Amino acid sequence: MEIAAFLQEQLIERYRISSLILEGYIMKAPARFLHFVVVIALLVPMMLWFSSCQKKEEAKQPGTSATGQKLVTIDNLQRAYGAESKRALWYDRFSRQAMKENLGDIAVLFRALSRSEKVHAEAVAKLLKSKGVEPIAPTIDSIPPGKAKQYLKLSLSNENLEQNMYLADTAKAREENFTEAAEWFRRALEADARHGRLLKKAIELETNFARLPYEMCPECGYIVGSDKLEECPVCKTKKDKFQKI
Ligand SMILES: [Zn+2]
């Protein structure tokens, strides 16, 4: 009987202890839940902040895709910057040469082309800088010696080459979803096509090349001749913004 009583007492004691533990656990449950909420409330903003920092770090990487790969278009823009800067300088020299030869019409045309290329170079440099890329100044190699009319032919050939390159560059920029670059290449392509037409006309007319009251779109470098345009056919800038050359 004593053993039975002892066992019963032990059982009651154990039940009492278990009850107390369970009771304590239940009683502490709200505190535990609150603790959990506080931890989550602290962790979630920290995780979001960390994630946004990583995204900012990715965005800081200039000229890279979402996966961190370098865009080919950045190199193409750098090459274009070099080519446009170089041509602006060349055309300026060609204009001076034409003046020396008393070929005023050709001199004015080359001056207009130089201004247009300068607009292109400045726009592409701005675009590169906006992507955190410093434009690389081109090395200007010596300008080939020649006469103004020879320069017209050389220039036409260069413009045609440039247009083919910009056509491929536009496609590449679109493929890389680099919309601003695709638009810049499109504008430069159309403005350069206009350069080509003006040069072709000057070559065809030779000595009787008529001087035109050139104007230029300051946004895209499109050269307006005697054609009465209300707006730039390339970028839609209104004619009152056109600059006289
Ligand atoms: Zn324009």
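Treat the numbers as computed from the prediction; the structure is a model and nothing was measured. (Residues numbered from 1 in each chain as written. Predicted model: local features only at pLDDT ≥ 70, side-chain atom pairs only at ≥ 80, totals over all residues. Heavy atoms only, no water.)

## Digging into the overall build of the chain
Argument step 1. From N to C terminus, the chain includes five helices and three strands.
Argument step 2. Counting from the amino terminus, the chain carries its helices and strands in the arrangement α-α-α-α-α-β-β-β.
Argument step 3. Counting across all 245 residues of the chain, residues that qualify as buried make up 34%.
Argument step 4. By sequence separation, contacts in the chain at least 24 residues apart represent 71% of the contacts at least 6 residues apart.
Argument step 5. Total accessible area computed for the chain in this model is approximately 15,800 Å², and 60% of it derives from carbon and sulfur atoms. (Helix = DSSP H or I, 4+ residues; strand = E, 2+ residues; numbered from the N terminus. Buried < 20%, exposed > 50% of the residue type's maximum accessible area, 1.4 Å probe, protein only. Contact = heavy atoms within 4.5 Å. Areas by Shrake-Rupley, 256 points an atom, 1.4 Å probe, with all protein chains shown as cover.)

## What about the confidence of the model for the chain?
Argument step 1. Confidence in the prediction of the chain, expressed as mean pLDDT, is 81, and 70% of residues score 70 or more.
Argument step 2. Per-element mean pLDDT across the chain ranges from 58 in helix H1 (residues 2-60) up to 95 in helix H2 (residues 72-100). (pLDDT = per-residue confidence, 0-100.)

## What to know about the layout of surface pockets
Argument step 1. Roughly 310 Å³ of volume is contained in the largest pocket.
Argument step 2. Residue lining of the largest pocket: 15 residues in total, with Ala123, Leu127, Trp184, Arg187 and Glu219 positioned closest to the centre.
Argument step 3. Elements with a minimum of two residues in the lining of the largest pocket: helix H3 (104-130) and helix H5 (179-205).
Argument step 4. Counting residues per element, the lining of the largest pocket draws most heavily on H3, at seven residues.
Argument step 5. Residue composition of the lining of the largest pocket, grouped by class: seven nonpolar, two polar and six charged.
Argument step 6. Every residue along the wall of the second largest pocket is listed here: Ala83, Lys86, Arg87, Trp90, Asn158, Leu161, Glu162 and Met165.
Argument step 7. Of all elements in the fold, only H2 and helix H4 (148-175) reach the threshold of two or more residues within the lining of the second largest pocket. (1 Å grid on protein atoms, 1.4 Å probe; cavity = no way out; pocket = protein on both sides within 12 Å on 5 of 7 lines; lining within 4 Å. Points joined across faces, edges and corners; volume = space filled by probe spheres on them. Nonpolar A, V, L, I, M, F, W, Y, C, P; charged D, E, K, R; others polar.)

## Things to note about the sheet that holds strand S2 (residues 223-224)
Strand-to-strand pairing in sheets goes through backbone hydrogen bonds, with the strands running parallel or antiparallel.
Argument step 1. Strands sit in the order S2-S1-S3 across an open sheet of three strands; the sheet is antiparallel. In this open sheet, the two strands that pair with only one neighbour each are S2 and strand S3 (243-244).
Argument step 2. Across two bridges, strand S1 (residues 215-216) lies against S2 in antiparallel orientation. Among the inter-strand pairings, Met216 is bridged to a residue of S2, identified as Ile223. (Pairing = 2+ DSSP bridges.)

## Details of the coordination of the zinc ion
Argument step 1. Bound to the zinc ion on the protein side are Cys217 (SG), Cys220 (SG), Cys232 (SG) and Cys235 (SG), at distances that span 2.2 to 2.3 Å.
Argument step 2. Considering all four donor atoms around the zinc ion, the spread of angles at the metal, 98 to 117°, places the coordination shape in the tetrahedral class.
Argument step 3. Counting residues between consecutive donors of the zinc ion along the chain gives the motif C-x2-C-x11-C-x2-C.
Argument step 4. Note on Cys232: relative accessible area 0%, which makes it buried.
Argument step 5. Residue class for Cys235 comes out buried when judged on its relative accessible area of 14%. (Donors = N, O, S within 2.8 Å, 3.2 Å for Na, K, Ca; no water. Tetrahedral: all angles 85-135°; square planar, octahedral: opposite > 155°, others 65-115°.)

## Observations regarding the packing of aromatic side chains
Argument step 1. This model, assessed by the stated rule, comprises eight aromatic pairs.
Argument step 2. Measuring from centroid to centroid gives 5.6 Å for Tyr166 and Phe185, while their planes differ by 50°, and the two rings are tilted. Within this pair, whereas Tyr166 is found in helix H4, its partner Phe185 is found in helix H5, the two being separated by 19 residues in sequence.
Argument step 3. Accessibility expressed as a relative area gives 0% for Phe185, which makes it buried.
Argument step 4. The interplanar angle of 75° and the centroid separation of 5.2 Å between the aromatic rings of Trp184 and Phe185 together place this pair among those described as edge-to-face. (Phe/Tyr/Trp six-rings, centres within 6.5 Å; stacked < 30°, edge-to-face > 60°.)

## Considering the environment of Trp90
Argument step 1. Its place among the elements puts Trp90 in helix H2.
Argument step 2. Leaving out residues up to four positions away in the same chain, Trp90 has contacts with Ile140, Asp141, Ser142, Ile143, Pro144, Leu154 and Asn158.

## Examining the side chain of Asp192
Argument step 1. Inspection of the secondary structure puts Asp192 in helix H5.
Argument step 2. Taking the relative accessible area as the measure of exposure, Asp192 reaches 0% and is therefore buried.
Argument step 3. In this structure, Asp192 is in contact with Glu84, Arg87, Glu117, His120, Glu159, Glu162, Gln163 and Tyr166, ignoring residues within four places of it in sequence.

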